[in-house]
Amino acid sequence: MQDTTSQETATEKLTALQHPRFARSYERQSRRRPMRELMEPLRREMVGRAQGVVLELGAGNGLNFAFYQPDKVERVVAVEPDTTMRSLAQSRLEAAPVPITLVEGAVESLPFSDASFDCVVATLVWCSVLDPMQGLREVQRILKPGGSLLMIEHVRAPGKLAALIQDMAVPFTTRFAGNCHWNRDTAQFVRDAGFQNTAVHSYGSRFFPFITIAATRP
Ligand SMILES: C[S@@+](CC[C@H](N)C(=O)[O-])C[C@H]1O[C@@H](n2cnc3c(N)ncnc32)[C@H](O)[C@@H]1O
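The structure contained in this document is the topic of the report that follows. Remember, it's a predicted structure, so these values are computed and weren't measured experimentally.

Quick look at the packing of helix H2 (residues 20-31) against helix H4 (residues 83-93) now. H4 packs onto H2 with a crossing angle of 35 degrees between their chain directions and a minimal axis gap of 8 Å. Counted together, Pro-20, Phe-22, Ala-23, Arg-24, Tyr-26, Glu-27 and Arg-31 of H2 and Thr-84, Met-85, Leu-88 and Arg-92 of H4 form the full contact between these two elements. Taken together, the residues that form the contact of H2 with H4 break down as six nonpolar, one polar and four charged.

Below, the structure is given as structure tokens:
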């Protein structure tokens, strides 16, 4: 059982992760065709690879739910800290082809036992988590050995000028886009955290590069 101080810290963390205005605008954007055309093929590809008992982190408004494959996935636990996002995700649960339980929580401190999942899915999440390395340590802890991490993330641009522009934009993106750090090198975080067989594929544009990452817990 958590003591009072750690309960207070967890509550403070969840309060810092509430971005209702961003959540509503994300829902509007995600219904628009450009966003769907960009993201849906990547969601189909990466979420379609999930298998067994799956943990989805930062599930947002539930845009991945439709892409889980019932012949591969036993069940999904979807974690989302933002209350507005969770209520938007709720409306997408019914149409999901696999059983999904939606819970409140943050990647830095996951309420699950060690080695309890076969697969972790996170899409467009690691740009906005408070502590990316602590989040990846938690992912390692709750994954079974040999379990997979599947991600889609927008990341730091490889070019110097584009990366500089991203760095300059971060004070605005963190403030107005749900703590989004436009300039994070998430593939490097995954390697630094000790994941193996890290396969990275790049998409997107010079200023807005996207990657998919598939990696294995040793
Ligand atoms: C841009 S949205 C992406 C939502 C969804 N994964 C998708 O692909 O559309 C980022 C999500 O990450 C969540 N998030 C931010 N920090 C988090 C944290 N520390 N732990 C878990 N989720 C977090 C936000 O609440 C938000 O729902």
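Text resumes after the structure shown.
Membership of the largest hydrophobic core comes to 31 residues, with the highest contact counts inside it found for Ala-50, Val-54, Phe-65, Tyr-68, Ile-100 and Val-121. Listed by contribution, the elements that provide at least two residues to this core are H2, helix H3 (33-47), strand S2 (73-79), H4, strand S3 (100-103), strand S4 (117-123), strand S5 (143-154) and strand S7 (209-216). Looking at this core element by element, the count peaks at five residues for H3. Setting aside residues no more than four positions away along its own chain, Tyr-68 makes contact with Val-47, Ala-50, Val-54, Glu-56, Val-73, Val-76, Pro-97, Val-98, Ile-100 and Val-121. Formed by 28 residues, the second largest nonpolar core is a distinct cluster that contains Leu-110, Val-139, Leu-143 and Phe-195.

This part covers the packing of H2 against H3. Relative to each other, H2 and H3 sit at 85 degrees, their axes nearing to 6 Å. It follows from the interaxial angle that H2 and H3 lie roughly perpendicular. Together, Tyr-26, Gln-29, Ser-30 and Arg-31 of H2 and Arg-33, Met-35, Arg-36 and Arg-43 of H3 make up the contact between the two elements. Residue composition of the contact of H2 with H3, by class: two nonpolar, two polar and four charged.

All right, on to the site of the ligand then. As a matter of local geometry, the ligand sits amid 19 residues, with Tyr-26, Arg-43, Gly-58, Glu-80 and Thr-123 nearest to it. Here Arg-43 contributes a side-chain N or O atom positioned 2.8 Å from an oxygen atom of the ligand. Between the ligand and Glu-108 there is a distance of 2.9 Å, counted from a nitrogen atom to a side-chain nitrogen or oxygen. Protein chains bury 95% of the 590 Å² of accessible surface belonging to the ligand in isolation.

Take H2 next. Compared with the 16 Å implied by 1.5 Å per residue over twelve residues, the 17 Å span of H2 between its first and last C-alpha is a close match. Buried within H2 we find Ala-23, Tyr-26, Glu-27 and Ser-30. Buried residues of H2 fall within an arc of 100 degrees about the axis and therefore sit on the same side. The elements touched by buried residues of H2 are H3 and H4.

Calculation notes
Residues numbered from 1 in each chain as written. Predicted model: local features only at pLDDT ≥ 70, side-chain atom pairs only at ≥ 80, totals over all residues. Heavy atoms only, no water. Axes fitted to C-alpha atoms, helices over the stretch in contact; angles between N-to-C directions. Helix = DSSP H or I, 4+ residues; strand = E, 2+ residues; numbered from the N terminus. Contact = heavy atoms within 4.5 Å. Nonpolar A, V, L, I, M, F, W, Y, C, P; charged D, E, K, R; others polar. Core = buried A, V, L, I, M, F, W, Y, C linked by side-chain atoms within 4.5 Å. Buried < 20%, exposed > 50% of the residue type's maximum accessible area, 1.4 Å probe, protein only. Parallel < 35°, antiparallel > 145°, perpendicular 65-115°, else oblique. Near = heavy atom within 4 Å. Polar contact = N/O pair within 3.5 Å; in protein donor to acceptor, adjacent residues only side chain to side chain. Areas by Shrake-Rupley, 256 points an atom, 1.4 Å probe, with all protein chains shown as cover. Expected span 1.5 Å × (residues − 1). Arc of directions from axis to C-beta.

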